[in-house]
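Listed below are the residues making up each chain.
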Amino acid sequence: MCFIKVSNPLTEDPNDKLCKVRMLTTYIRMKCIKLYKPHQNVSIDERMVRKKGKYAFRQYIRDKPTKWGMKLWILADSLSGYTYDFDIYLGKQDNGPFGLACGVVMKLTKSISRQGYRLFFDNFYTSVQLLKDLWFIGIGACGTVLRTRKGFPNAIKDVKNFEKKSKRGDMRWIRDGQLLTVQWRDNKTISLMSTIHDANDSVTAKRRTKTNGQFENLTVNQPTIVHDYNKYMGGVDKSDQLINKYNVLRKTNKYWKTIFFHMLDIARVNSYILFQDWRDKNKDVPELKRPTRYGQLNFTEELIRELGDIGIDDPVPIASKPSVHFKHAMDPQFMDKRGNCKLCYSNEKIVRRTSVKCKVCDVFVCFQKERNCLSQYHKLL
């Protein structure tokens, strides 16, 4: 741990909060983008990496399983959970005229613009202006939205009146050009905005309701916009599950080492997804044959064996017991006068007289066949 270094101390920028790992994060990010082509549906969400120490960009999010730590903005493939792009939140900065959420989304989507992608996010990001800006650069988007958001249609803000006159499964919608706003009543009314859906498309959904003290199954119409949001919003959550299952994070006082370990986790999980994808596309290649239940743990073990040049039948390497190295040379001498053994009194509070003294340490220590305090004392130095 003490020998891990990622940057050159002579060329670090003191104004950069990530100067210790900037080279590594930039390299991993560019490799993630270069080596994979996401499926059509992608999602953006935040990720918390556990680190509760004191550093400038520590965050607290009450509703997250990991409440204290550093926050990363993640763009992930909704189908595989591949971390395609990311950005570490370093605190308040200039995000343009439309705020933090809009700035984050526009930054992470630069590499997928004008390619027909469909982007999903939650109500922290969704705004009328953002959806229009994404449509302008060729990205369709969908997300839940708060009724208090600027630009939300006034005609459907009265939710209480809608709930009084409707039943479970009912919906209402309003369209402004390409922008569609939908409200659908389930247990409660939810609002969504989209530039990629049609208000008339729907699927059936099964619900369980209680009537007169008895539970019964109920089939309701669910707008396709709600179905797609539930299906494709979980890309970042899937990525988090893959990473946290076998993460290499270690306790450390240095915040940048936590980032270093998380970069290893991103690289490892993305490599696993790439390998599985390559196997699916090349099923006839003998070298890619693996057991039916070949999971992330098997891949990680195989990766470690390859990096460490460890054969499948080789024993697990175990570190040998280190040899004892004293801090300085001993110079024991027999003295004319006897003194109290330093170690015996320190450990047992027993006064034992001895004529052996280390001239370097200037202490008396026992040096006998049954009690070698001379060697034990110097091991503790």
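Being a predicted model, the structure only gives us computed values, none of them experimental.

Reading the values: rules and limits
Residues numbered from 1 in each chain as written. Predicted model: local features only at pLDDT ≥ 70, side-chain atom pairs only at ≥ 80, totals over all residues. Heavy atoms only, no water. Helix = DSSP H or I, 4+ residues; strand = E, 2+ residues; numbered from the N terminus. Expected span 1.5 Å × (residues − 1). Buried < 20%, exposed > 50% of the residue type's maximum accessible area, 1.4 Å probe, protein only. Arc of directions from axis to C-beta. Contact = heavy atoms within 4.5 Å. Axes fitted to C-alpha atoms, helices over the stretch in contact; angles between N-to-C directions. Parallel < 35°, antiparallel > 145°, perpendicular 65-115°, else oblique. Nonpolar A, V, L, I, M, F, W, Y, C, P; charged D, E, K, R; others polar. pLDDT = per-residue confidence, 0-100. Phe/Tyr/Trp six-rings, centres within 6.5 Å; stacked < 30°, edge-to-face > 60°. Pairing = 2+ DSSP bridges. Polar contact = N/O pair within 3.5 Å; in protein donor to acceptor, adjacent residues only side chain to side chain. 1 Å grid on protein atoms, 1.4 Å probe; cavity = no way out; pocket = protein on both sides within 12 Å on 5 of 7 lines; lining within 4 Å. Points joined across faces, edges and corners; volume = space filled by probe spheres on them.

**Re helix α8 (residues 296-307)**
And step 1. Taking 1.5 Å of rise per residue, 12 residues should cover 16 Å, and α8 covers 16 Å from first to last C-alpha, within 8% of that figure.
And step 2. Among the residues of α8, those classed as buried are Q296, F299 and T300. The arc that holds the buried residues of α8, viewed along the axis, is 100°, so those residues lie on one side.
And step 3. Next to the buried residues of α8 lie α6 (235-245) and α7 (255-281).
And step 4. Among the residues trailing α8, D309 stands out with phi positive, at a value near 55°.

**So, the packing of α7 against α8**
And step 1. Running from N to C, α7 and α8 point in directions that differ by 105°, and their axes come no closer than 10 Å. Of the possible angle classes, the one that applies to α7 and α8 is roughly perpendicular. Contacts between α7 and α8 involve R268, V269, S271, Y272 and F275 on the former and, on the latter, Q296, F299, T300 and L303.
And step 2. Residue composition of the contact of α7 with α8, grouped by class: five nonpolar, three polar and one charged.

**Here's the deal with the confidence of the model for the chain**
And step 1. Confidence along the chain averages 90 in pLDDT terms, with 96% of residues attaining 70 or more.
And step 2. Highest mean pLDDT in the chain belongs to strand β5 (residues 118-121) (97); lowest belongs to helix α10 (residues 373-379) (84).

**Some points on helix α1 (residues 22-34)**
And step 1. In this model α1 runs 18 Å from its N-terminal to its C-terminal C-alpha over 13 residues, within 8% of the 18 Å that 1.5 Å per residue would give.
And step 2. Residues of α1 that are buried: L24, T25, I28, C32 and I33. Taken around the axis of α1, the buried residues stretch over an arc of 160°, which confines them to a single face. Turned more than 90 degrees away from the buried face of α1 sit M23 and K34, all of them exposed.

**Some words on the packing of aromatic side chains**
And step 1. Using the criterion set out here, one finds 15 aromatic pairs in the structure.
And step 2. For the pair Y55 and Y255, a centre-to-centre distance of 5.8 Å together with 20° between the ring planes defines the contact as stacked. Note that Y55 is positioned in the loop between β1 (41-50) and β2 (59-60) and Y255 in helix α7, a separation of 200 residues in sequence.
And step 3. Take Y55: its relative accessible area is 12%, and that puts it in the buried class.
And step 4. When the centroid spacing of 5.6 Å and the interplanar angle of 40° are considered together, the rings of F120 and Y232 count as tilted. Within this pair, whereas F120 is found in strand β5, its partner Y232 is found in helix α5 (residues 224-232), the two being separated by 112 residues in sequence.
And step 5. Since its relative accessible area comes to 0%, F120 is described here as buried.

**Points about the pairing of β1**
And step 1. Buried residues dominate β1, accounting for nine of its 10 residues.
And step 2. Two elements, β1 and strand β3 (residues 68-77), share nine bridges in a ladder whose sense is antiparallel. Within the sheet, the bridge partner assigned to R47 lies in β3 and is L72.

**Brief notes about the side chain of S80**
And step 1. Along the chain, the position of S80 falls in the loop between β3 and β4 (83-88).
And step 2. According to the relative accessible area criterion, S80 is buried, its value standing at 14%.
And step 3. Only 3.1 Å separates the side chain of S80 from the side chain of Y36, close enough to count as a polar contact.
And step 4. At 3.3 Å, the side chain of S80 and the backbone nitrogen of Y82 are in polar contact.
And step 5. Apart from the residues lying within four places of it in its own chain, the contact partners of S80 are Y36, K238, L242 and I273.

**Remarks on the layout of surface pockets**
And step 1. The calculated volume of the largest pocket comes to roughly 510 Å³.
And step 2. Lining the largest pocket are 20 residues, and of these R47, M48, T66, D240 and N244 sit closest to its centre.
And step 3. If you list the elements that add at least two residues to the lining of the largest pocket, you get β1, α6 and α7.
And step 4. Per-class residue counts for the lining of the largest pocket are six nonpolar, five polar and nine charged.

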